[in-house]
Amino acid sequence: MSVLSKPYMHDEAAAFAHVESIIWPGGPVCPHCGNCGKFYKLKGVRSKPSKKNPKGVERHGLKKCAECRKQFTVRIGTIFEESHIPLHKWLQAIHLMVSSKKGISSHQLHRVLEITHKSAWFMSHRIREAMRSDDAVNFGNGGGVVEVDKTFIGTKQKKAKGAKGHSGFLFHQRARSKGPLSTGEKT
Ligand SMILES: [Zn+2]
């Protein structure tokens, strides 16, 4: 089976399962309070109806923390946060960007993924920022898995007028076996 035919490249639920297995190898972790014990899977929850989706869209991977009672998905704290683009399209975009030697333009991404150019630009910008090796990234003790930190990747630019979402890029990084947090702002 080719990478392109993997279910997580096409199916939203599979995409969430795939990303969760990478970000939460030891099971879900609440991004609000750090609880990694009990949580509830919220199934069948839909987003607010919109013109494009009068019935709303299913909110895959939605969980509720039993400790702080807040809801979260694996998108929080990643480059996928605050994005309405389906996760499987993000995975397609990442694959296209890392697999082609010379990269891929946002115009090409827009045509291949059949998303707006604005969305394609946004995605490619975030993916590039995430791939950039930067001193701002804190790695865990001993190099292995990374600590839970809030790290700004890229510059803290001022938001353009009317722009939505974050002005920087946040990554939560988690070490499961390395003990307490090292540096950075606790979330
Ligand atoms: Zn919590």
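Predicted model only: the values in this text are computed from it and were never measured. (Residues numbered from 1 in each chain as written. Predicted model: local features only at pLDDT ≥ 70, side-chain atom pairs only at ≥ 80, totals over all residues.)

Considerations on the nonpolar core
Ranked by size, the top nonpolar core spans 15 residues in total, and within it Ala15, Phe16, Val19, Leu87, Trp90, Ala93 and Met123 carry the most contacts. Of all the secondary-structure elements, those providing two or more residues to this core are α1 (12-23), α2 (87-99) and α4 (117-131). In terms of residues, this core owes the most to one element, α2, which gives four residues. Setting aside residues up to four positions removed in sequence, methionine 123 forms contacts with Ile85, Trp90, Ala93 and Leu109. (Core = buried A, V, L, I, M, F, W, Y, C linked by C-beta atoms within 7 Å. Buried ≥ 20, exposed ≤ 12 C-beta atoms within 10 Å, placed from the backbone. Helix = DSSP H or I, 4+ residues; strand = E, 2+ residues; numbered from the N terminus. Contact = placed C-beta atoms within 7 Å.)

Considering the confidence of the model for the chain
The predicted model of the chain has a mean per-residue pLDDT of 79, with 71% of residues at 70 or higher. Averaged pLDDT values over the elements of the chain bottom out at 40 in strand β4 (residues 150-153) and peak at 97 in strand β2 (residues 63-65). This stretch, residues 137-159, has a pLDDT under 50; its non-local contacts, to residues over four places away or in other chains, come to 69 contacts. Every residue in residues 164-187 is under pLDDT 50, and counting partners more than four places away or in other chains gives 69 contacts. (pLDDT = per-residue confidence, 0-100.)

Examining unusual backbone geometry
The backbone of arginine 69 shows a phi angle near 65°, a positive value even though the residue is not glycine. Structurally, arginine 69 is set in the loop between β2 and β3 (71-72). Residue class for arginine 69 comes out exposed when judged on the 11 C-beta atoms lying within 10 Å of it. Of note in this structure, glutamate 114 is not a glycine but carries a positive phi near 55°. Here glutamate 114 shows up in the loop between α3 (106-113) and α4. For glutamate 114, a count of 9 C-beta atoms within 10 Å corresponds to the exposed category.

A closer look at the sheet that holds strand β1 (residues 39-41)
On the basis of which strands lie adjacent, the open sheet formed by three strands has the order β1-β2-β3 and antiparallel pairing. Looking at the sheet topology across the chains shown, the edges are occupied by β1 and β3. With two bridges joining them, β2 and β3 adopt antiparallel strand pairing. By the bridge assignment, lysine 64 is partnered in β3 with glutamine 71. (Pairing = 2+ DSSP bridges.)

Let's talk about the packing of α3 against α4
Two elements in contact, α3 and α4, have axes separated by 8 Å at closest approach and are oriented at 120°. Taken together, the axes of α3 and α4 are oblique relative to one another. Crossing geometry of α3 relative to α4 is assigned as right-handed. Contacts between α3 and α4 involve Ser106, His107, Leu109, His110 and Leu113 from the first element and His117, Ala120, Trp121, Met123 and Ser124 from the second. In terms of residue class, the contact of α3 with α4 is built from five nonpolar, five polar and no charged. (Axes fitted to C-alpha atoms, helices over the stretch in contact; angles between N-to-C directions. Parallel < 35°, antiparallel > 145°, perpendicular 65-115°, else oblique. Left-handed = near helix turned anticlockwise from the far one by under 90°. Nonpolar A, V, L, I, M, F, W, Y, C, P; charged D, E, K, R; others polar.)

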